[in-house]
Structure formats: structure tokens, C-alpha cells
Amino acid sequence: MFVARLELHQFRNYAEADVRLAPGVTIFQGANGQGKTNLVEAVEYLSRLGSHRVSTDAPLVQFGTEQAVIRAEVLAGRDDSRRLLLELEINPGRANRARINRAALPRTHDLLGALRTVVFSPEDLTVVKGDPAARRGFLDDLVISRWPRMLGVKQDYDKVVRQRNALLKSLLGTRPDAEAEFTIEIWDAQLVTLGSELLAARLDTLAELRAPAAASYAAIAPVNNQIDVSYRCGFELPDDPAELASTFAASLAERRREELARGLTLVGPHRDDLMLSIGELPARGYASHGESWSLALALRLGAFDLLRADGIEAVLILDDVFSELDATRRERLALAARQAEQVLVTAAVASDVPEQLSGARFEVQAGRITPSAGPATRPEQADVRASCRVRAP
């Protein structure tokens, strides 16, 4: 799977952009703030309906306008001529709209699965060094990439947690009557049903991620190259997956009094964490800067390998990561990335990208995209039309 053409309308700093792409490596280079990351962010957003840079849609729409459009032509593979035209209208404050081959989709979420991406960016360092939410987000993104329907499960679960928390807070300082107890039990049942499904998907994915992530880390890190990833749950996980829901429900019952005293749901996937270790020590607090980067990279490359094992050929996006790595790690990442059918790279300095990732190059300056004069640019990628109005600070 690869993106053959990317069109943008009023997206970020692009009034209009039209870029032809091909399999293999494509490098967008230019100084910071010129719009190169905006291009790969558009591909990512079309893939997962989310961005690694922002949590809301408003920043994606060009300043002074009300709507942005991302359109991409996606081919099934080098040897598979099947094509899909994916379109997404981003309407902050209103419902977004999606189309496949010009046909409107009932829900925007129905676009998920048509294009898959694995994105590594400087923000991924928070997966290693940040709070548990970053690690949960990493794992949930991978779960949804494997099974797009899990996005609905995750959203429904989060909604139940919010509503259950609101109920618990309303009961602070009181003794629940029979009606309140009944309402809590209704929310408990939904929490257990949705949470158990999400937890099972996380555990299955993590079990299959361990080996490729460990192999990727060993390939990238020059020394001390053994890692482990484990799941930390708010209750003891049963040996039999069929008992997951009943164990979850029992844990909720055990902590009911504490939850009522604190006005908070204390058990469930929303409070779990991933435990990352390098050698015998936990990565968080002990890993060096280089080790943390290597581990973050290994998790993304492991995710890429896992999707490939599932029969999913994802587009690999490396957003401004080489400048943070030493020469050895750069070269090893480049060798690992070459297995992808399509790799999109952004870099502020051309020399940051190792020679092993040679391919088409585009210069991005003030939102204008031009093929590099270098010999690596493919003729079929020379058709580029872009214009911009720079966003106000």
C-alpha cells in the first residue's frame, strides 16, 4: 500500500497543494516551520483520523478559513493496480465528512482501514519518558490500526468512564440509596463489557508486539540491546482470558467503597500502563537519551512489523527524527526502514538522512514544494503544484 497522490486544500499553511508520490523513499526537506511536517501529518490524519501534533481539528484548518480538505489516491501495492480515492473534509465545530471513490460514507470512522500508517516523531519520546496516558495511547493506536472497529469500542468505553465518574462525584459525602446503587451497577456492566474487550485487544497486541519490538531494538541499539514490554493492570490478570470480564467485575466490587470516597473510577484500562525496561532496569528514569530514542523507535518499528505480519502494508512516516540520533542509530534505523513499501521522511538538513534512505527529494519552503535538483528525484514525481498563504502567528 502506498500513497500515489496527495492533495491539500486550506490545510495548515497550504492554500492548495498537489504532490505525486511513488513507492520507496520520499524525503521532504526544509527549514523548520516551512510546512514539511504538515504534508506527512495530512497522510497520517487521513489514515487514523488523528494527528501526533494536536488533539483538536481547529489547528489543521488554514487561518481565516472554515474547512480543510485532504485527498489522497492510494494504490494497493507495487504489483496491485487497485486504487482508492480517499477524501476527508475537516470542519472544526461541525461533523467531518469522508468519501471513498467520491461516495459519501455514513460515518467518518468508516474511512479507517483504507490507509494504514506508522508514524515516528519527536513526540514519541513521551511514550518512554512521559505519563502512562502516552503509553496507553501508543498501544491503542496500534490496536485500532489492526482492528478499526476498536475505535468505537474505545470511544464508548471512555464515555462510560466519564459518565460513571460524574455519578460517583455526585455521590461524594452521601450514602448511596437503592436507586443510586442500581445506577452504578448499570454503569459497571457497561464498563466491564467494553473494558474487557479493549483490554483483551491490548493484551493480544502486546503479546505479538514483544518479539518484533525486541528485534528492532537489538538492530538499532549498539550496546545493552535487550528490552522487555509488559502490561500493568489494576487487577491481577487471570490465566484464562475467558475469565477477564468476571475478574474485572470482581475488582470493581472490591473497590466500590474507595471509589465512592474519591468520586473516581479506579479500575479499568483507562488507568493501566505499559512497563518498558532495558536490561534489568525500567526505561523511565534510568534510560539515557539515546536509549530512550532507540526504545521509542523500536516500538514503532515493532508495530510496523506486526501490521505486516497481519498482512497490512503500512506507510512508514519518519518525521524529523534523524537529527536526534547519533550516526550509528541513524544508519541502523535507515536499514530497518527500507523494508517498507513507502517511507515518507522529513528533515531540516539533507545530510541528516543516511545514504541508505536515498530516494526522491522535495524542497519545502514557505509552503512551496519543489523537486530537488539532486539525481535521486524520480521523473514520475516531478509533477508538483503547491501554493500557500502563511498562517498568522
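Our structure is the block above this text.
What counts and what doesn't
Residues numbered from 1 in each chain as written. Predicted model: local features only at pLDDT ≥ 70, side-chain atom pairs only at ≥ 80, totals over all residues. Heavy atoms only, no water. Salt bridge = Lys/Arg side-chain N within 4 Å of Asp/Glu carboxyl O. Helix = DSSP H or I, 4+ residues; strand = E, 2+ residues; numbered from the N terminus. Buried < 20%, exposed > 50% of the residue type's maximum accessible area, 1.4 Å probe, protein only. Expected span 1.5 Å × (residues − 1).

*Asks:* Account for the pattern of salt bridges, naming residues and giving values.
*Replies:* All told, the structure shown has 33 salt bridges when counted by the stated rule. Between arginine 284 and aspartate 131 there is a salt bridge, with the nearest N and O atoms lying 3.5 Å from each other. Here aspartate 131 lies in the loop between α2 (125-129) and α3 (132-146) and arginine 284 lies in the loop between β11 (281-282) and α8 (289-309), a separation of 153 residues in the sequence. The partner of arginine 146 in a salt bridge is aspartate 310, with the nearest N and O atoms 2.6 Å apart. Residue arginine 146 is found in helix α3, and its partner aspartate 310 is found in the loop between α8 and β12 (315-319); the two are separated by 164 residues along the sequence. What makes aspartate 310 partly exposed here is its relative accessible area of 34%. Salt bridges sharing partners connect three or more residues here, namely Arg5, Glu7, Asp18, Arg71, Glu87 and Arg102.

*Asks:* Pulling in residues and values, what's your account of helix α1 (residues 36-48)?
*Replies:* If you check α1, its first and last C-alpha atoms are 19 Å apart, about what 13 residues at 1.5 Å a residue would give, namely 18 Å. With 12 of its 13 residues buried, α1 lies for the most part within the structure. The complete set of buried residues in α1 reads Lys36, Thr37, Asn38, Leu39, Val40, Glu41, Ala42, Val43, Glu44, Tyr45, Leu46 and Ser47. One or two positions beyond α1, positive phi appears at leucine 49, with a value near 60 degrees.

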